[in-house]
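Chain by chain, the residues run as shown.
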Amino acid sequence: MREKRGLRKDSSGTRLSRRSFVKAAGAALAVPVFLPARALGRDGVVWPSDRILLGGIGLGGRGTGVMQWMLNEKDVQFLAICDVRKERRLDIKRIADQRHFSKDCAMYGDIHEFLAERTDLDAVLIATGDRWHALASILAMRAGKDVYSEKPSSMTIAEGRAVVETARRYGRVYQTGTQRLSEPNFVFCIEMARSGRLGKVHTAYAHIAPWDAAEMRHDWLPGQPEPSKEDVDWENWLGPCPWRPYNGEYVRGGWRGHYDFHTSCIGEWGAHTFAQAQAGIDALDTSPVKYQYVPNPTGDGMVTVFANGVKMILSRGDKYWRGSCGMRFDGPDGWVSAADGYPQPDVSSPDMLKDFAKVVQTYVARTQRSLNHVRDFFDCVRSRRPTVANPEVMHNSMATVHAANICMWLKRDVRYDPVKAEFIDDPEANRLRSRGMRDPWII
Amino acid sequence: MHKLTSITILIVAASLLCAPPPCGWAAESEDSLIAVLNSGAPDKEKADACLVLARIGTAKAVPALVALLGHEKLSHMARYALEPIPDPAVDAALRAALGKLQGRALAGAIGSLGVRRDLSAMGSLAGLLQAGDPQVAQAAARALGSFGTQAAVAALQDVLPRARPENRLSVIEGLLRCAESMGAGPERAGATAIYDRLRGLKEAPHQVRFAAFRGAVLARGDAGLSVLVEALRSRDPILIRAAARTSLEMRGADVTKSLADALGGLDEDGQILVAEALGKRGDVAGLPALLALTKKGEPIVRVAAVRAASELADASAVPAFVGLLNDPVEGVAGAARAGLAALEGREVDAAIAAMLNDADPKTRGLAIDLIGQRRATGSVPALLKAAQSDDPLVRIASIRALGGLAGAKEFPVLVKLLVASRTAADRDALEKLLVDLCAANSRPAAGDVVIRKAVYGDLPDGKSADVTAKVAEMVKQGSLSIDATNTNFGDPAQGITKKLLVEYTIRGVARTETVNEGESLKIKGGKAPQAFIEILKSAATGAPAEAKGALERILQATTGKAE
């Protein structure tokens, strides 16, 4: 199934020479900088293409949306889909082939075969559902792929750490799908908090999802006859998770809320909002040290405390915002808040918004990042620099998710040492830092 | 992220309420859980017992769990429970099981021994490195990697040349894991030797070449710099890429210098990679080399150099950036503009203000744009001067740039500029600026405010209190800043962060404001300061007809009536 190598065509069928593309990009200020693909060094072979060759793993509704977002980038070509569901494979192939005016998109049902065979791919988009995100990322990075993984990107603290180690070991570029880290309203709030414009921020608020609960289901749905492996490969769908009988509801999204597959309402949006909040209080290299249990089913109102005393409070409702994935920073000199759908951030003083453009612009100059999350990923694929939501950012914010979940599951306060990555004087909590993975899906 | 409609949320919420209660997580005694495992209970009940034993199990549960290691459906759950139990009995049991298990179950047991770092399993795992079943051999290689011992290294190195192709990457993974754990300790030389051996592999895939190179550089400490420099001179794109990436993990001026020195010898691909690395490193010692790179060569490289120099955020880049503003390559000029707009510091403000005196109107226009973007209040005098320029475009751009920067202090000067305005466009721009300035400085008189409704509580639908009378009284007493606190309004919704909502009118104009508990609600709107009104009235007297009309419109806008 490997493709012939040679000059690729763009979507209009025109052959693109590397050099002409480089010159055109420079002349037109195509931000970002396009690095000729030669430097991507596919297995040491000079590859006369200007495209980033992309594959997908487990693309359902959300994954399809991200894929289409990625296909807006003119330097990206989607060449192969790996999915345990035939229906999804066919859907993705149709979309990719329509986009590229070709019939090139290859289909795979097994991730090991996919990764072993497609040595031509530079990067993969992973959107399998929580249970597979970390494992698929690790396998792909070991195979030399750069990875864009949807969130929540790990099921346990140990999985997150393994993603960090693998990316570092093989020099892979990795971005988790916390796209608000690249959106102007959120960037503004984060920069206002980071820069001291609010004074020393004492409290951050982070939104958790208004559906599902922190308490998870442990029951099995009633068993149903397994479809053919070609239609739904149930063994591979389960992957590293404990076996249970097939039920079609799981593969249609009903896996949410189940302990084996999901990171709860806290992980659902906390994967986004904890990263956002931790960015604003300069805590992306750590996690809170205290988690205060709240006697409700969701974790709403849980107070977490960082080592420097700054609080991050989990909030499920709309006390602090009017949209999804909200966040807020409070300091002695004011507050800022943003959520999806805001025309502009909420601020304690209108004067703050006068500097909106400048604050965002300064962020872009300081970081040279695109305010487009997938573009940031592709830029970093070329430049080999860390993405805005790199493995460490993912792991430290997801460690917060996991610790908060463990606090809720144990129904008591827990203390955590982010340096040692262990709970303090708490063997029971420490046992929940990892889960034995089902063979042969072991890291 | 999943954007759900309210209907979907309702459906999901309803299904949540109807879902069966959580089970399998209950705090049962270890004895009762062991009894379930030893009984003829259904698989589901045994799986649930394993789930809880993973959290609370002790050596007592090991025999019952080990008995399930060969079970087709429950083998994994047995390991799931065994893996976190901190008792050596688990290691002994897993080791003993190695000789009895096959296939996936064997691979799983090997994986668990790796997670537990059971060094006593060294010999057994080494013997499995050449197992006929690839998943067993691969699991053994990775588990030995987790051990990170000399013996593990020896076993993995021994098998590497003979490893079957499908197992080779797992053996390399094992060696890399060993090297990482050795590299952090006194066995650094051993780690270096592993990396060097992997560097010498023929036909290794690019990610292995990267890993070996990175490790070889970092494990050598300061001496790794020479390996980095060698790679930068190699013309090997994989090594140059690896060098650029690895340099981000290295500190020191000598690393920056080596990258900067290498720039001239690289092709454009390498120059871009290294320029980006220099920017990301944040060491201003790299700035001269980057600025040199901005001046000539391929446009794409020059753009990368400007952007990397911007990242260093150092004011000494300003003259070079100013020199690039009119560069014929739009990409380069645009990157320089973006860099100047974001750079902080008085030197930058001064350099841009100086551009306002440039003979070239294009440069003056650029300066005004930059000042507007930078929102540098120190540039207001220069903008006021530019607003009187003979160049109409410069005048208009300056007036617009003053929006948001000018304050009460500039109000009289701006009124004078309007009176003396030369064109309708000047007048329109100044009129808008003065209206905005009046609005920004307006403060209502308490007597103009009528409080229609005030509510404090868990808004919009929770418990709340009508505090209309209280707020009205506070405003009557002259307060136009109302603190939303329990001290003022009591606590109608304990434990909830409340909101204060106030509906009011100012001379008939309705407004609504809401703030959270702990914040101050500001009553906004109203007339401009009396001093502004006097200045406007005075200027209108004797002003040319067009300017007088504009001044009267400003007065009307800010007072709500014709003065």
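Residues numbered from 1 in each chain as written. Chains lettered and ligands numbered in written order. Predicted model: local features only at pLDDT ≥ 70, side-chain atom pairs only at ≥ 80, totals over all residues.

Overview of the overall build of chain A
For chain A, the helix and strand inventory stands at 15 helices and 15 strands. Across the 443 residues that make up chain A, the buried fraction comes to 60%. The contacts of chain A with a sequence gap of at least 6 include a subset with a gap of at least 24, amounting to 71%. (Helix = DSSP H or I, 4+ residues; strand = E, 2+ residues; numbered from the N terminus. Buried ≥ 20, exposed ≤ 12 C-beta atoms within 10 Å, placed from the backbone. Contact = placed C-beta atoms within 7 Å.)

Here we look at the sheet that holds strand S1 (residues 449–457) of chain B
All names here are of chain B. Read across the sheet, 4 strands follow the order S2-S1-S4-S5 without closing on themselves; strand pairing throughout is antiparallel. Only two strands of the sheet have a single partner each, and these edge strands are strand S2 (464–466) and strand S5 (509–516). For this sheet, the mean inter-axis angle between neighbouring strands, taken without regard to orientation, is 15°. The sheet contact formed by S1 and S2 spans 3 bridges and is antiparallel. Within S2, the position partnered with Tyr-456 by the bridge is Ala-465. Strands in contact with helix H28 (residues 468–476) are S1, S2 and strand S4 (499–506); relative to S1, the strand with the most contacts, it is inclined by about 135°. (Pairing = 2+ DSSP bridges. Axes fitted to C-alpha atoms, helices over the stretch in contact; angles between N-to-C directions.)

A closer look at the domain arrangement of chain A
How big an interface is tends to be stated in terms of accessible area lost as the parts join. All names here are of chain A. For chain A, the domain assignment lists domain 1 (18–179) and domain 2 (181–214 + 263–431). The straight-line distance from the C-alpha centre of domain 1 to that of domain 2 is 26 Å. The partner domain 2 presents 33 residues to the 32 residues of domain 1 that form the contact. Elements that contribute at least two residues to the side of domain 1 that touches domain 2 include exactly helix H2 (61–71), strand S5 (146–149), helix H6 (157–170) and strand S6 (174–176). For the side of domain 1 that touches domain 2, a count of residues per class yields 17 nonpolar, 8 polar and 7 charged. (Domains from an automatic or database assignment. Nonpolar A, V, L, I, M, F, W, Y, C, P; charged D, E, K, R; others polar.)

What to know about the sheet that holds strand S2 (residues 76–82) of chain A
Two modes of strand pairing occur in sheets, parallel and antiparallel, and in both the strands are linked by backbone hydrogen bonds. Residues and elements named next belong to chain A. In spatial order, the strands read S3-S2-S1-S4-S5-S6; together these 6 strands make up an open sheet with parallel pairing. Both edges of this open sheet fall to strand S3 (106–108) and S6, since each of them pairs with a single strand only. On average, each strand axis in the sheet is tilted by 20° relative to the strand beside it, whichever way the strands run. Each of strand S1 (52–57), S2, strand S4 (123–126), S5 and S6 is contacted by helix H13 (residues 373–383), which is oriented at about 170° to S5, the strand it contacts most.

Focus on the nonpolar core
In this structure, Leu-54 of chain A together with Leu-65, Ile-110 and Ala-140 of chain B are the most contacted members of the largest nonpolar core, which totals 289 residues. Per element, the largest residue contribution to this core is 11 residues, and it comes from helix H14 (residues 391–410) of chain A. Sequence-distant contacts of Ala-140 of chain B, defined by excluding residues within four places in its chain, comprise Ile-110, Leu-125, Leu-128, Leu-129 and Ala-131 of chain B. Counting residues in hydrophobic clusters, the runner-up holds 17 residues, among them Val-455, Ala-484, Leu-500 and Tyr-504 of chain B. (Core = buried A, V, L, I, M, F, W, Y, C linked by C-beta atoms within 7 Å.)

Describing the confidence of the model for chain A
Keep in mind that low pLDDT regions are not for reading the predicted coordinates in detail. Confidence in the prediction of chain A, expressed as mean pLDDT, is 89, and 89% of residues score 70 or more. Counting interchain partners and residues more than four positions distant, the pLDDT-below-50 stretch residues 1–49 of chain A has 92 contacts. (pLDDT = per-residue confidence, 0-100.)

Re unusual backbone geometry
The residue after Lys-151 of chain A, namely Pro-152 of chain A, is reached through a cis peptide bond having omega -10°. Here Pro-152 of chain A lies in the loop between S5 and H6. With omega at 0°, the peptide bond leading from Asp-439 of chain A into Pro-440 of chain A counts as cis. Along the chain, the position of Pro-440 of chain A falls in the segment after helix H15 (427–431). With a phi close to 60°, Glu-203 of chain B is a non-glycine residue in the positive phi region. For Glu-203 of chain B, the location among the structural elements is in the loop between helix H12 (188–199) and helix H13 (206–219).

A few points about the environment of Lys-522 of chain B
All names here are of chain B. With respect to the secondary-structure elements, Lys-522 resides in strand S6 (residues 520–522). Among the residues examined, Lys-522 registers 16 C-beta atoms within 10 Å and is labelled partly exposed. Taking the C-alpha atoms as reference, Lys-522 lies 27 Å from Pro-412; in sequence the two are 110 residues apart. Dropping the residues within four chain positions of it, Lys-522 is found in contact with Leu-480 and Ser-481.

Some words on the packing of helix H2 (residues 30–37) of chain B against helix H3 (residues 43–56) of chain B
Residue and element names in this part refer to chain B. Their axes nearest at 9 Å, the elements H2 and H3 cross at an angle of 145°. For the pair H2 and H3, the crossing hand works out as left-handed. Between H2, through Glu-30, Leu-33, Val-36 and Leu-37, and H3, the contact on the second element is made entirely by Glu-45, Lys-46, Ala-49, Val-52, Leu-53 and Ile-56. Across the contact of H2 with H3, the residue classes break down as 7 nonpolar, no polar and 3 charged. (Left-handed = near helix turned anticlockwise from the far one by under 90°.)

Describing the packing of helix H12 (residues 356–367) of chain A against helix H21 (residues 330–342) of chain B
Two elements in contact, H12 of chain A and H21 of chain B, have axes whose closest approach is 8 Å; the angle formed by their N-to-C orientations is 115°. Note on packing geometry: the crossing formed by H12 of chain A with H21 of chain B is left-handed. Contacts from Gln-361, Thr-362, Ala-365 and Arg-366 of chain A in H12 of chain A reach Ala-338, Gly-339, Ala-341 and Ala-342 of chain B in H21 of chain B. Residues belonging to the contact of H12 of chain A with H21 of chain B are distributed by class as follows: 4 nonpolar, 3 polar and 1 charged.

Side note on H14 of chain A
All names here are of chain A. Between the first and last C-alpha of H14 there are 27 Å, a value that for 20 residues agrees with the 28 Å anticipated at 1.5 Å per step. Taking burial as the measure, the 20 residues of H14 include 18 buried ones, the bulk of the element. Just downstream of H14 lies Lys-411, where phi reads positive at about 55°. (Expected span 1.5 Å × (residues − 1).)

Looking at the pairing of S4 of chain B
Residues and elements named next belong to chain B. In this structure, S1 lies alongside S4, joined through 8 bridges in antiparallel fashion. Looking at the pairing, Ala-454 lines up with Val-502 of S4. The sheet contact formed by S4 and S5 spans 8 bridges and is antiparallel. Within the sheet, the bridge partner assigned to Glu-503 lies in S5 and is Thr-512. Hairpin connection from S4 to S5: 2 residues lie between these consecutive antiparallel strands, with Arg-507 at a positive phi of about 45°.

Examining the confidence of the model for chain B
Residues and elements named next belong to chain B. The pLDDT averaged across chain B works out to 89; a share of 93% of its residues lies at or above 70. Throughout residues 1–23 the model reports pLDDT below 50, and contacts reaching past four residues in sequence, or to other chains, amount to 22 contacts. Scored by ipTM, the complex comes to 0.90, with pTM at 0.83.

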